[in-house]
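Take a look at the letters that make up each chain.
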Amino acid sequence: IRAGRLTVEHAAESMAVKARHRVLAFFCCVAAVAYVQRSALGVPAAEIATALGSVDLARDMGMVQSAWYAGYAALQLPSGWLADRMGSRAAAALFAILWSLLTGLAGCVPDLASLAIVWGLMGAAQAAGTGVIGIRILAAGTLSGSMERHPTGMADVPPIISGRDYAADVAQAQRFRALVDEGH
(Lines give C-alpha, C1' and ligand atoms only; values in the text may rest on other atoms or scores of the structure.)
Protein backbone atom coordinates (compact mmCIF):
# COMPACT_ATOMS: atom_id res chain seq x y z
CA ILE A 1 0.00 0.00 0.00
CA ARG A 2 1.38 3.38 -0.93
CA ALA A 3 0.39 6.64 0.69
CA GLY A 4 1.69 9.28 -1.64
CA ARG A 5 5.41 8.63 -2.08
CA LEU A 6 5.81 6.89 1.27
CA THR A 7 4.96 3.32 1.98
CA VAL A 8 3.09 2.42 5.15
CA GLU A 9 6.33 1.02 6.58
CA HIS A 10 8.19 4.28 5.93
CA ALA A 11 5.37 6.29 7.49
CA ALA A 12 5.43 4.08 10.60
CA GLU A 13 9.22 4.38 10.85
CA SER A 14 8.98 8.15 10.47
CA MET A 15 6.42 8.30 13.29
CA ALA A 16 8.69 6.20 15.50
CA VAL A 17 11.65 8.50 14.82
CA LYS A 18 9.54 11.55 15.67
CA ALA A 19 8.42 9.87 18.91
CA ARG A 20 12.04 9.16 19.86
CA HIS A 21 12.97 12.76 19.15
CA ARG A 22 10.11 13.94 21.39
CA VAL A 23 11.34 11.64 24.17
CA LEU A 24 14.87 13.01 23.73
CA ALA A 25 13.55 16.59 23.88
CA PHE A 26 11.60 15.69 27.03
CA PHE A 27 14.74 14.27 28.68
CA CYS A 28 16.64 17.44 27.75
CA CYS A 29 13.93 19.51 29.46
CA VAL A 30 14.10 17.25 32.52
CA ALA A 31 17.86 17.73 32.65
CA ALA A 32 17.41 21.51 32.48
CA VAL A 33 14.86 21.47 35.32
CA ALA A 34 17.18 19.27 37.38
CA TYR A 35 20.05 21.68 36.83
CA VAL A 36 17.97 24.69 37.83
CA GLN A 37 16.59 22.90 40.88
CA ARG A 38 19.98 21.92 42.26
CA SER A 39 21.46 25.35 41.55
CA ALA A 40 18.55 27.53 42.64
CA LEU A 41 18.68 26.57 46.32
CA GLY A 42 21.23 29.32 46.84
CA VAL A 43 18.70 32.06 46.01
CA PRO A 44 16.37 31.47 49.01
CA ALA A 45 19.12 29.94 51.16
CA ALA A 46 19.04 32.65 53.84
CA GLU A 47 15.25 32.42 54.22
CA ILE A 48 15.31 28.62 54.32
CA ALA A 49 18.16 28.51 56.83
CA THR A 50 16.46 31.09 59.09
CA ALA A 51 13.13 29.27 58.94
CA LEU A 52 14.81 25.99 59.87
CA GLY A 53 16.80 27.43 62.76
CA SER A 54 20.26 27.84 61.25
CA VAL A 55 22.90 29.70 63.21
CA ASP A 56 25.60 29.49 60.52
CA LEU A 57 24.18 29.99 57.02
CA ALA A 58 27.30 28.98 55.07
CA ARG A 59 27.95 25.84 57.11
CA ASP A 60 24.35 24.66 57.29
CA MET A 61 23.39 25.27 53.67
CA GLY A 62 26.77 23.89 52.62
CA MET A 63 25.81 20.69 54.47
CA VAL A 64 22.52 20.54 52.54
CA GLN A 65 24.23 21.05 49.17
CA SER A 66 26.94 18.53 50.08
CA ALA A 67 24.24 15.98 50.87
CA TRP A 68 22.81 16.50 47.38
CA TYR A 69 26.18 15.96 45.71
CA ALA A 70 26.93 12.92 47.86
CA GLY A 71 23.60 11.32 46.91
CA TYR A 72 24.13 12.20 43.26
CA ALA A 73 27.64 10.74 43.19
CA ALA A 74 26.68 7.59 45.09
CA LEU A 75 23.82 6.60 42.79
CA GLN A 76 25.05 7.71 39.36
CA LEU A 77 26.36 4.30 38.26
CA PRO A 78 24.16 1.95 40.33
CA SER A 79 21.04 3.61 38.95
CA GLY A 80 22.23 3.04 35.40
CA TRP A 81 22.80 -0.61 36.23
CA LEU A 82 19.30 -0.81 37.73
CA ALA A 83 17.85 0.78 34.61
CA ASP A 84 19.64 -1.79 32.50
CA ARG A 85 18.13 -4.55 34.64
CA MET A 86 14.53 -3.34 34.92
CA GLY A 87 14.30 -1.47 31.64
CA SER A 88 14.90 2.21 31.06
CA ARG A 89 11.24 3.17 30.73
CA ALA A 90 10.26 1.63 34.05
CA ALA A 91 13.36 3.01 35.76
CA ALA A 92 12.81 6.51 34.37
CA ALA A 93 9.21 6.47 35.61
CA LEU A 94 10.27 5.20 39.04
CA PHE A 95 12.99 7.80 39.46
CA ALA A 96 10.74 10.62 38.21
CA ILE A 97 8.12 9.68 40.79
CA LEU A 98 10.74 9.54 43.55
CA TRP A 99 12.21 12.87 42.51
CA SER A 100 8.75 14.47 42.47
CA LEU A 101 7.82 13.10 45.89
CA LEU A 102 11.11 14.24 47.38
CA THR A 103 10.68 17.70 45.88
CA GLY A 104 7.32 18.00 47.62
CA LEU A 105 8.70 16.57 50.84
CA ALA A 106 11.53 19.15 50.88
CA GLY A 107 8.95 21.85 51.56
CA CYS A 108 7.67 20.01 54.65
CA VAL A 109 10.88 19.34 56.57
CA PRO A 110 11.09 20.61 60.16
CA ASP A 111 14.85 21.20 60.42
CA LEU A 112 18.12 21.42 58.52
CA ALA A 113 19.12 17.81 59.17
CA SER A 114 15.85 16.62 57.61
CA LEU A 115 16.36 18.96 54.67
CA ALA A 116 19.87 17.56 54.16
CA ILE A 117 18.49 14.00 54.15
CA VAL A 118 15.67 14.80 51.71
CA TRP A 119 17.98 16.91 49.52
CA GLY A 120 20.53 14.07 49.46
CA LEU A 121 17.85 11.57 48.43
CA MET A 122 16.71 14.01 45.76
CA GLY A 123 20.28 14.15 44.45
CA ALA A 124 20.23 10.37 44.30
CA ALA A 125 16.94 10.40 42.38
CA GLN A 126 18.31 12.94 39.90
CA ALA A 127 21.45 10.86 39.46
CA ALA A 128 19.20 7.95 38.72
CA GLY A 129 17.57 9.89 35.91
CA THR A 130 20.97 10.75 34.48
CA GLY A 131 22.02 7.12 34.89
CA VAL A 132 18.99 5.98 32.91
CA ILE A 133 19.87 8.27 30.04
CA GLY A 134 23.54 7.28 30.21
CA ILE A 135 22.89 3.57 30.22
CA ARG A 136 20.50 3.85 27.29
CA ILE A 137 22.84 5.84 25.10
CA LEU A 138 26.40 5.10 26.15
CA ALA A 139 26.47 1.71 27.86
CA ALA A 140 24.09 0.18 25.35
CA GLY A 141 26.92 0.28 22.85
CA THR A 142 25.20 2.25 20.14
CA LEU A 143 27.71 5.06 20.13
CA SER A 144 30.53 2.55 19.96
CA GLY A 145 29.22 1.32 16.63
CA SER A 146 29.34 -2.27 17.85
CA MET A 147 26.65 -4.93 18.19
CA GLU A 148 28.59 -6.50 21.07
CA ARG A 149 26.81 -6.26 24.40
CA HIS A 150 28.25 -6.49 27.88
CA PRO A 151 27.24 -9.76 29.62
CA THR A 152 25.25 -7.83 32.24
CA GLY A 153 23.48 -5.67 29.63
CA MET A 154 20.01 -6.23 28.23
CA ALA A 155 20.13 -8.77 25.44
CA ASP A 156 17.35 -7.10 23.44
CA VAL A 157 17.86 -3.35 23.19
CA PRO A 158 15.10 -1.12 21.83
CA PRO A 159 16.14 1.56 19.33
CA ILE A 160 18.19 4.32 20.94
CA ILE A 161 18.94 6.92 18.28
CA SER A 162 16.55 7.02 15.34
CA GLY A 163 16.81 3.68 13.58
CA ARG A 164 14.00 1.18 13.32
CA ASP A 165 15.96 -1.18 15.60
CA TYR A 166 19.21 -1.44 17.53
CA ALA A 167 21.11 -2.83 14.52
CA ALA A 168 20.12 0.22 12.44
CA ASP A 169 21.33 2.50 15.24
CA VAL A 170 24.68 0.70 15.33
CA ALA A 171 24.98 0.92 11.54
CA GLN A 172 24.31 4.66 11.76
CA ALA A 173 26.98 5.03 14.46
CA GLN A 174 29.47 3.17 12.25
CA ARG A 175 29.37 6.14 9.84
CA PHE A 176 31.25 8.12 12.52
CA ARG A 177 33.89 5.44 13.16
CA ALA A 178 36.60 7.45 11.42
CA LEU A 179 36.13 10.28 13.92
CA VAL A 180 36.48 7.88 16.83
CA ASP A 181 39.57 6.29 15.31
CA GLU A 182 41.12 9.75 14.90
CA GLY A 183 40.49 10.48 18.57
CA HIS A 184 37.69 13.05 18.23
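Refer to the structure above for everything that follows.
In this text, all values refer to a predicted model and were calculated from it rather than measured experimentally. (Residues numbered from 1 in each chain as written. Predicted model: local features only at pLDDT ≥ 70, side-chain atom pairs only at ≥ 80, totals over all residues. Heavy atoms only, no water.)

As for a nonpolar patch on the surface
- Judged by side-chain polarity, Met86, Leu94 and Leu98 come together as a nonpolar surface patch covering roughly 230 Å² of accessible area.
- Residue placement: Leu94 occurs in helix 4 (residues 88–106).
- The partly exposed category is assigned to Leu94, whose relative accessible area is 35%. (Patch = residues over 30% accessible without salt bridge, like charges linked within 9 Å, V, L, I, M, F, W, Y side chains within 5 Å. Areas by Shrake-Rupley, 256 points an atom, 1.4 Å probe, with all protein chains shown as cover. Salt bridge = Lys/Arg side-chain N within 4 Å of Asp/Glu carboxyl O. Helix = DSSP H or I, 4+ residues; strand = E, 2+ residues; numbered from the N terminus. Buried < 20%, exposed > 50% of the residue type's maximum accessible area, 1.4 Å probe, protein only.)

Topic: the environment of Ile117
- By the secondary structure assignment, Ile117 is in helix 5 (residues 112–139).
- As for Ile117 and Trp68, which are separated by 49 residues in sequence, their C-alpha atoms are 8.4 Å apart.

A short note on the packing of aromatic side chains
- Under the criterion given, the structure shown has 2 aromatic pairs.
- Seen from their ring centres, Trp68 and Tyr69 are 4.9 Å apart, and the 85 degrees between their planes marks the pair as edge-to-face.
- Taking the relative accessible area as the measure of exposure, Trp68 reaches 1% and is therefore buried.
- Centroid distance Trp68 to Tyr72: 4.8 Å. Interplanar angle 20 degrees. Geometry classified as stacked. With Trp68 and Tyr72 both in helix 3 (residues 57–86), this residue pair falls 4 residues apart, about one helical turn.
- Among the residues examined, Tyr72 registers a relative accessible area of 17% and is labelled buried.
- One aromatic cluster is present, formed by Trp68, Tyr69 and Tyr72 through successive ring pairs. (Phe/Tyr/Trp six-rings, centres within 6.5 Å; stacked < 30°, edge-to-face > 60°.)

Some remarks on the nonpolar core
- Of all hydrophobic cores here, the largest spans 22 residues; its most connected members are Met61, Val64, Ala106, Leu112, Leu115, Trp119 and Met122.
- Looking at this core, the elements that each hand over two or more residues are helix 2 (45–51), helix 3, helix 4 and helix 5.
- In terms of residue count, helix 5 provides more of this core than any other element does, 8 residues in total.
- Those residues within four positions of Ala106 in sequence are excluded, and the remaining contacts are Leu115, Val118, Trp119 and Met122. (Core = buried A, V, L, I, M, F, W, Y, C linked by side-chain atoms within 4.5 Å. Contact = heavy atoms within 4.5 Å.)

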